[in-house]
Amino acid sequence: MLAVLAPGQGSQKPGFLNPWLALPGAEARLRWWSALSGVDLLHLGTDADEEEIKDTAKTQPLLVAAALLAAEHLPMHDAAVVAGHSVGELAASALAGVLSPEAAVTLAGVRGREMAAACALEPTGMAAVLGGDPDEVVAAIDAAGLHPANRNGAGQIVAAGSMEGLDKFAAEPPAKAKVIRLKVAGAFHTPFMAPAEAALGRIAAGIPTGTPDRILLSNLDGTAVDHGPTMVRRLVRQITAPVRWDLCMETFAALGVTAVVELTPAGTLAGLAKRALKGIEIVQVNTPADLAKARDAIGRHGGAAVRFESSAAWVAVAGTSGRFVRSDLAEGSQVEAGQVIGAVDSVDVAAPAAGVLTEWLARTDEPVASGRPLARIGGQA
């Protein structure tokens, strides 16, 4: 089984799109996507220096466009699994058929601008933690008042939060761990990005979606998502939620993935896979010269897209229109059939079956329409 991966922010390199412009239609495609995203992707991918392409507002649509451009030259119908890291999830969602390429690039432009604006509200940052016991590292991050924004597996966790908290954390690092400050604009995938989540949610609510035609993994928990609107809600929520790439890689192993192809600009996810998924074939696509090797790997490891059957699940929906107020139940809580889990105005919302509250699908105090999915209830724990 083969998985195609779309990288996230931090993987960009100056001039990395130059070789791709030799392919027929590539320049025109980038001009079209530039109009949709609100940034000059041609300039950013060819002439812009390292400092300019670090700008979150510019980097995010650039990376989504680059991954989609490379994928257009691969036999994606034979890729059974797709996944993206952080903003790369937008590209992966397009490759799975949940979003159109145009919608993915447009949302990436909005996401980048709004996250950049959120970063400007107060000074925050991120730091990579390499090594150490994962549980001890997360406990130390919590103790410093920070958030485990990325759990990338292969001994890498990213802490995020206030500059004061990061300084405290670096001064007293966890045992056997190395802390490296990252050159980023702010604390991505933490509550500091709440304004960006709200802004993207208002736009994403109007995006048409399709049903995934292959296994599409979510950064939220590493599980497969088989419902387009649910994936879009997860894409919005992911702005403040941690990236659990470690769980995605565990799912690769559980599915029996034997090869991965990382789309341009490749390297970061390939490195994580090499350390965490022993024995699999890894192909990095950085220039058109790498396409032949990627096609060969897809031909040998790929096959017809398959549906990943998950355990039984139910969705609680709004019985009327109004403002939704959630109960204090946390995700992962056991619920009984008929148990009240919230209310829309004065109308109770009950769990449709016994199981685990696996995911809230609406925020508290959010206006909802009748029939709107509010919570997902999984099978018995």
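Nothing here was measured: the structure is a model prediction, and the numbers come from that model.

Looking now at the sheet that holds strand 11 (residues 322-326). Taken together, four strands build an open sheet; the order of strands is 14-13-11-16 and the sheet is antiparallel. Single-partner strands in this sheet number two, and they are strand 14 (347-350) and strand 16 (366-368). With strand direction ignored, the average angle separating the axes of adjacent strands in the sheet is 40°. Two strands pair when backbone bridges link them, and strand 11 and strand 13 (residues 340-344) are joined in this way by three bridges, in the antiparallel orientation.

There is about 880 Å³ of room inside the largest pocket. Around the largest pocket, the lining is made up of 36 residues, and of these Gln9, Gly10, Ser11, Leu182 and Val184 lie nearest the centre. If you tally residues by element for the lining of the largest pocket, the top one is helix 11 (residues 268-276), at three residues. Partitioning the lining of the largest pocket into residue classes produces 14 nonpolar, 14 polar and eight charged. Taken as a whole, the second largest pocket spans an internal volume of roughly 590 Å³. The wall of the second largest pocket is formed by 25 residues, among which Arg233, Leu361, Arg363, Glu366 and Arg372 lie closest to the centre.

Right, let's get into the pairing of strand 15 (residues 355-360). Across the six residues of strand 15, five count as buried, placing the element largely inside the fold. For strand 15 and strand 17 (residues 373-378), the ladder comprises four bridges, and the chain directions are antiparallel. Following the sheet pairing, leucine 357 is matched in strand 17 by isoleucine 377.

Here we come to the pairing of strand 1 (residues 2-6). Burial analysis of strand 1 places five of its five residues in the buried class, the great majority of the element. A two-sided burial pattern is seen for strand 1, the buried positions comprising Leu2, Val4 and Ala6 on one face and Ala3 and Leu5 on the other. Bridge count for strand 1 against strand 2 (residues 81-84) is four bridges, and the pairing is parallel. Bridge pairing links valine 4 to valine 82 in strand 2.

A few words now on unusual backbone geometry. With an omega dihedral of -5°, the bond running from threonine 264 to proline 265 counts as a cis peptide bond. For proline 265, the location among the structural elements is in the loop between strand 8 (259-262) and helix 11. One non-glycine residue with positive phi stands out, namely aspartate 365, at about 70°. Checked against the element boundaries, aspartate 365 lands in the loop between strand 15 and strand 16.

Let us now look at a nonpolar patch on the surface. Side chains of Leu130, Ile180, Leu182 and Val184 sit close together on the surface and give an oily, nonpolar patch of about 250 Å² of accessible area. With respect to the helices and strands, isoleucine 180 occurs in strand 6 (residues 177-181).

So, on to the confidence of the model for the protein chain. Per-residue pLDDT for the protein chain averages 91, and the proportion of residues at 70 or more is 96%. Long-range and interchain partners of residues 304-312, a stretch whose pLDDT sits below 50, account for 21 contacts in this model, where long-range means more than four residues apart.

Calculation rules
Residues numbered from 1 in each chain as written. Predicted model: local features only at pLDDT ≥ 70, side-chain atom pairs only at ≥ 80, totals over all residues. Heavy atoms only, no water. Pairing = 2+ DSSP bridges. Helix = DSSP H or I, 4+ residues; strand = E, 2+ residues; numbered from the N terminus. Axes fitted to C-alpha atoms, helices over the stretch in contact; angles between N-to-C directions. 1 Å grid on protein atoms, 1.4 Å probe; cavity = no way out; pocket = protein on both sides within 12 Å on 5 of 7 lines; lining within 4 Å. Points joined across faces, edges and corners; volume = space filled by probe spheres on them. Nonpolar A, V, L, I, M, F, W, Y, C, P; charged D, E, K, R; others polar. Buried < 20%, exposed > 50% of the residue type's maximum accessible area, 1.4 Å probe, protein only. Patch = residues over 30% accessible without salt bridge, like charges linked within 9 Å, V, L, I, M, F, W, Y side chains within 5 Å. Areas by Shrake-Rupley, 256 points an atom, 1.4 Å probe, with all protein chains shown as cover. Salt bridge = Lys/Arg side-chain N within 4 Å of Asp/Glu carboxyl O. pLDDT = per-residue confidence, 0-100. Contact = heavy atoms within 4.5 Å.

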